[in-house]
Amino acid sequence: MAWSKEMPANPVVAVAGATGAVGREMLVCLEKLNFPASEVRLLASARSAGQKIPFAGCGQVPAGELTVQEMTEESFQGVDIALFSAGASISKKFRQAVVDAGAVMIDNSSAFRVDDDVPLVVPEVNAHDLAWHSGVIANPNCTTIQMVVALEPLRALGHIDRIVVSSYQSASGAGAKGMAELEDQIGKALAGQDFEPAAFAHQIAFNCIPHIDVFMEDGYTKEEWKMVVETKKIMGDPLVKVAPTCVRVPVLRCHSESINLEFDRPVDVEEAKKALANGVHVVLEDDPASNVYPMPALHAGSFDTFVGRVRRDPTVSGDRGLALWVVADQLLRGAALNAVMIAQELLPKA
Ligand code: A2P
């Protein structure tokens, strides 16, 4: 059943997983977008209860320190919007408590993304799907978000029949522990000390690991499977074919993607660049003669999705192929920012 409760102009916002890599960025997005909250409630595990987190303020919430509370079923009383980034099992555990409290859950985990009654939303692509949510809205996988944001302006040029994508995913995609492990291993590897991988299946320092999430029967990983099914659902296009390879690389923050596209008709490279330059929250950064192209080291902390190396893919017949390189801060664009943008879409229209 579609959601009928009216969203107040100044909602109470809970951040569930506020001490995590994405949760902290959710706070930054609430601040930077000056989200019109009347209260921001920070929730995490019992381990973090009492921890104070500086907050620059947003809406009616003044600047100061916010105190983390232990997340329990009672935490959602009075909450209007619950931004969740504490892992899929925690989202499943608290879903009913959130909905029973009358709050809308915007969930960054993979728990509900493919459920038929849960919209999977990237506002620039399918904000219209918010109309049918029934209390839970899923935030897509970070790798998928930045790809569909970059592809959206190109969809005006023709139908995208096929996408071949290789990702170069940063350590922070595995949460705060992933970042800590990369930093720790780099120090230890340089000092010639031993270390045991924990957050990743293998050493991440000075390495690339073609394995994100678990392997499935067909030889693809679950991360790759997510890119296939989520892209179809967000684009509302069950026919688009997606062939991904997801790789963890020793970068702290920002995912990069090499993307090859096959359209149903000829596509002009200059037209594609023009469309990208005019894309919503897309920045074209493409001047190879001056060594200008997007790179993760340049774009950590940015809200935009950067596209460069736009060129013809000559392996697709009839001038229907394009190749491009996409970089975005996956903690922001691929997670926290997308969630807060969804929350903005839920606000009453002025
Ligand atoms: P805590 O810091 O108290 O463990 P990340 O993705 O960076 O690893 O962050 C995970 C987030 O989920 C953290 O905020 C973490 O809180 C929170 N979390 C983990 N387990 C629980 C739990 N059982 N109940 C509530 N929050 C949890």
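Calculation criteria
Residues numbered from 1 in each chain as written. Predicted model: local features only at pLDDT ≥ 70, side-chain atom pairs only at ≥ 80, totals over all residues. Heavy atoms only, no water. Helix = DSSP H or I, 4+ residues; strand = E, 2+ residues; numbered from the N terminus. Polar contact = N/O pair within 3.5 Å; in protein donor to acceptor, adjacent residues only side chain to side chain. Contact = heavy atoms within 4.5 Å. Near = heavy atom within 4 Å. Areas by Shrake-Rupley, 256 points an atom, 1.4 Å probe, with all protein chains shown as cover. Nonpolar A, V, L, I, M, F, W, Y, C, P; charged D, E, K, R; others polar. Core = buried A, V, L, I, M, F, W, Y, C linked by side-chain atoms within 4.5 Å. Buried < 20%, exposed > 50% of the residue type's maximum accessible area, 1.4 Å probe, protein only.

Quick look at the side chain of His255 now. Secondary-structure assignment places His255 in strand S11 (residues 255-263). Side-chain polar atoms of His255 contact the backbone nitrogen of Ser170, separated by 3.0 Å. Here His255 is in contact with Cys142, Thr143, Gln146, Tyr168, Gln169, Ser170, Gly173, Arg248, Val326, Val327, Ala328 and Gln330, once residues within four sequence places are set aside.

Near the ligand there are 15 residues, and of these Thr19, Ala21, Ser45, Arg47 and Ser48 occur at the shortest range. Residue Ala21 places a main-chain N or O atom 2.8 Å away from an oxygen atom belonging to the ligand. Contact distances for the ligand include 2.5 Å between an oxygen atom and a side-chain N or O atom of Ser45. Protein contact buries 71% of the 570 Å² of open area that the ligand shows by itself. Here the residues of the shell around the ligand are counted per class, giving seven nonpolar, seven polar and one charged.

Below, the discussion takes up the nonpolar core. The tendency in soluble globular proteins is for nonpolar side chains to be buried as a group. Ranked by internal contacts, the top residues of the largest apolar core, which has 55 residues, are Phe76, Leu154, Ile163, Leu261, Leu322 and Leu324. Excluding its chain neighbours within four sequence positions, the residues that come into contact with Leu324 are Leu151, Leu154, Glu257, Ser258, Ile259, Leu261, Val307, Gly308, Arg309, Val310 and Arg311. Counting 40 residues, the second-largest nonpolar core is a separate cluster that includes Phe35, Ile106, Leu332 and Ala335.

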